[in-house]
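Here is what each chain is made of, one letter per residue.
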Amino acid sequence: MKMKQKIVKFIFIGIWLFVYDFQMSGEEHIRGCWMYGSSLNSENISSIVNKLADNYINNVYLLVKGTGGTKTNPTILTNFITQAHSKAIKVHLWYCVFQDKVYVTSHPDAHVYHCPNPKISVKPYQMDTTWWVNPLYPGYKEYVLRNIGYFVNNFNCDGIHLDYIRYSHMVYSFDPFSLKKAASLGCDTTRLLNFFNTEKDYVYSAKEKGFVNLYLQQDKDVVAWVTMRKNVISNYISAIRDIIEKVKPTLELTAAFMPESAEDPNYGDVYYAQNYALHSTWLDMIAPMSYFKSYNKNTNWLKSITSNAITRVVPTCKIAAGLQAFDGVSTTEMKEQINYAFEGGAHGVIIFQYENITDSCWNIINSHFKSMLGK
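Residues numbered from 1 in each chain as written. Predicted model: local features only at pLDDT ≥ 70, side-chain atom pairs only at ≥ 80, totals over all residues. Heavy atoms only, no water.

Colleague: Describe the overall build of the protein chain, and please don't skip the residues or the numbers.
Modeller: In terms of helices and strands, the protein chain carries 15 helices and 10 strands. Per-residue burial for the protein chain yields a buried fraction of 54% across its 375 residues. Pairs at least 24 apart in sequence give 79% of the contacts found in the protein chain among residues at least 6 apart. Here the protein chain displays about 16500 Å² of accessible surface, and carbon together with sulfur accounts for 53% of that area. (Helix = DSSP H or I, 4+ residues; strand = E, 2+ residues; numbered from the N terminus. Buried < 20%, exposed > 50% of the residue type's maximum accessible area, 1.4 Å probe, protein only. Contact = heavy atoms within 4.5 Å. Areas by Shrake-Rupley, 256 points an atom, 1.4 Å probe, with all protein chains shown as cover.)

Colleague: Give me the lowdown on the packing of aromatic side chains, citing residues and values where you can.
Modeller: This structure, assessed with the given rule, holds 27 aromatic pairs. Both rings, one in Tyr150 and one in Phe155, keep their centres 5.5 Å apart while their planes meet at 80°; by these two values the pair is edge-to-face. Taking relative accessible area as the criterion, Tyr150 reaches 26% and is therefore assigned partly exposed. By the ring-pair criterion, three or more aromatic residues cluster together here, those being Trp34, Tyr36, Trp94, Tyr291, Phe326 and Phe352. Across from the ring centre of Tyr95, 4.8 Å away, lies the NZ or CZ of Lys65, which sits over that ring. One residue, Lys71, lies across the ring of Tyr150, its end atom 5.9 Å from the ring centre. (Phe/Tyr/Trp six-rings, centres within 6.5 Å; stacked < 30°, edge-to-face > 60°. Lys NZ or Arg CZ within 6 Å of the ring centre and 35° of its normal.)

Colleague: Break down empty space enclosed by the protein for me, citing the residues and quoting the values.
Modeller: Summed over the entire model, instances satisfying the criterion amount to one cavity of 30 Å³ or more. Taken as a whole, the largest cavity holds about 50 Å³ of empty space. Along the walls of the largest cavity sit Phe98, Val112, Trp132, Val133, Pro135, Arg166, Tyr167, Ser168, Tyr172 and Ser173, which together make up its complete lining. Broken down by class, the residue content of the lining of the largest cavity amounts to seven nonpolar, two polar and one charged. (1 Å grid on protein atoms, 1.4 Å probe; cavity = no way out; pocket = protein on both sides within 12 Å on 5 of 7 lines; lining within 4 Å. Points joined across faces, edges and corners; volume = space filled by probe spheres on them. Nonpolar A, V, L, I, M, F, W, Y, C, P; charged D, E, K, R; others polar.)

Colleague: Talk me through the side chain of Thr299; I want residue IDs and the actual numbers.
Modeller: Relative to the helices and strands, Thr299 is located in the loop between strand S8 (285–288) and helix H13 (301–312). Since its relative accessible area comes to 7%, Thr299 is described here as buried. Contact partners of Thr299, with chain neighbours within four places excluded, come to Phe292, Glu333, Glu336, Gln337 and Tyr340.

Colleague: Describe the pattern of salt bridges, naming the residues involved and giving the relevant values.
Modeller: Taken as a whole and assessed by the stated rule, the structure comprises 11 salt bridges. A salt bridge links Glu28 to Arg31, with the shortest nitrogen-to-oxygen separation between them at 3.2 Å. For Glu343, the salt bridge goes to Lys303, with nearest N and O atoms at 3.6 Å. On the criterion of sequence distance, the pair formed by Glu343 in helix H14 (residues 331–343) and Lys303 in helix H13 is long-range, its members being 40 residues apart. Here Lys303 falls in the partly exposed class, since its relative accessible area comes to 35%. (Salt bridge = Lys/Arg side-chain N within 4 Å of Asp/Glu carboxyl O.)

Colleague: Explain the packing of helix H5 (residues 140–154) against helix H9 (residues 220–247) to me, using residue names and the numbers behind them.
Modeller: Remark: H5 packs on H9, axes separated minimally by 10 Å, with the N-to-C direction vectors making an angle of 30°. One element, H5, and the other, H9, form an angle in the roughly parallel class. In the crossing of H5 with H9, the sense of the turn from one axis to the other is right-handed. The residues of H9 that touch H5, namely those facing Tyr140, Lys141, Val144, Leu145, Ile148, Gly149, Val152 and Asn153, are Asn235, Tyr236, Ala239, Ile240, Ile243, Ile244 and Val247. Considering only residue class, the contact of H5 with H9 consists of 11 nonpolar, three polar and one charged. (Axes fitted to C-alpha atoms, helices over the stretch in contact; angles between N-to-C directions. Parallel < 35°, antiparallel > 145°, perpendicular 65-115°, else oblique. Left-handed = near helix turned anticlockwise from the far one by under 90°.)

Colleague: Describe the sheet that holds strand S7 (residues 252–257), listing the residues and the values that go with them.
Modeller: Strand pairing in a sheet relies on backbone hydrogen bonds, with the paired strands running either antiparallel or parallel. Spatial ordering of the closed barrel is given by S1-S2-S3-S6-S7-S8-S9-S10, a layout of eight strands whose pairing is parallel. Averaged over all adjacent pairs, the angle separating strand axes in this sheet is 25°, with direction ignored. Pairing geometry for S8 and strand S9 (residues 318–324), over two bridges, is parallel. The partner of Met285 across the bridge, within S9, is Lys318. Sitting on the sheet, H9 touches strand S6 (159–163) and S7, and the angle it makes with S7 is about 155°. Where H13 meets the sheet, it contacts S8 and S9, and its direction lies at approximately 160° from that of S9. (Pairing = 2+ DSSP bridges.)

Colleague: Got a sec to walk through the pairing of S9? Specific residues and values, please.
Modeller: Along S9, seven of the seven residues are buried, which leaves the element largely enclosed by surrounding structure. Burial along S9 is two-sided: the face carrying Lys318, Ala320, Gly322 and Gln324 and the face carrying Ile319, Ala321 and Leu323 are both buried. Here S9 runs beside strand S10 (residues 348–352); their pairing, made up of five bridges, is parallel. Note on S10: the bridge partner recorded for Ala320 is Gly348. Handedness of the crossover is the feature at issue here: the chain leaves S9, passes through H14, returns alongside S10, and the resulting connection is right-handed. (Right-handed = clockwise from strand over helix to strand, strands pointing away.)

See the structure below:
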């Protein structure tokens, strides 16, 4: 019986990949990179655009509002977009959603809360040393939507790219707003918090899956809590999609996602509230951040992450593999990442990030992207 189930699953995945590839085959592959807005200034824009074009980059995901909360200079941003378009390079404005130092500095009660730690307190306590913002803090969603509206209305970009559109861990954010919301949905929050007081397996370590196991067992309160958090993410993404549809419906809405959620959706639901199947409904592309060194994996891990992600998203959502260029990635590792990503069925690759790509890795990228164009 188990063998039969494995065969059926294999056939299903094969059919899904075929359909996905067929639907995307008429579109140009994404040959992209993430880039910091701080790398731009009026003097070097031309040289950067020329370097991107010379290396066959066709999509740039440019950071315009990072975790610090400041925005890229509008004059410089307009100049970069204009010059990039002259070289047939699309520019997607990369926006960090749930981290914002500027906002939490001016709204200190918007910080996330930590779950109870028996060594410190039996109640949740506020984390005032991070830039993570509580997504349910009154007014924050409107703040995000105003910022997105500013970028959509004022710049001739090709898309909005969301980052940090997730919770950072299962132990955040047990703040008063979240607890009140959960209680209104039928969650016994007192019982939920008591898990952290009595069972060490439910706290901190990603290897200890106490909360995940309760979720798998359909524990009523854990399911209510996790579902609430997933819906918070949905509400943000769908609201941003609505702004795009009203102002400039041709823009793409894309996002960077955690890779674990592609391999283990239950883990992703509990820890990050990021769900490829649910949230791809509003997205044109998801880039799993498959940074193999950061996860102590081999480069072939990208094939697994990519193929798994493809089977989870809706057919209208592309998957572009996020490749690692930082932490001393070698030319061999860069070459293998690209190969494994496409073996996994990726619609393209996005390299993190421009500032870390060495000259030798650029040579590899150039060769691969040039061959993709049949040159």
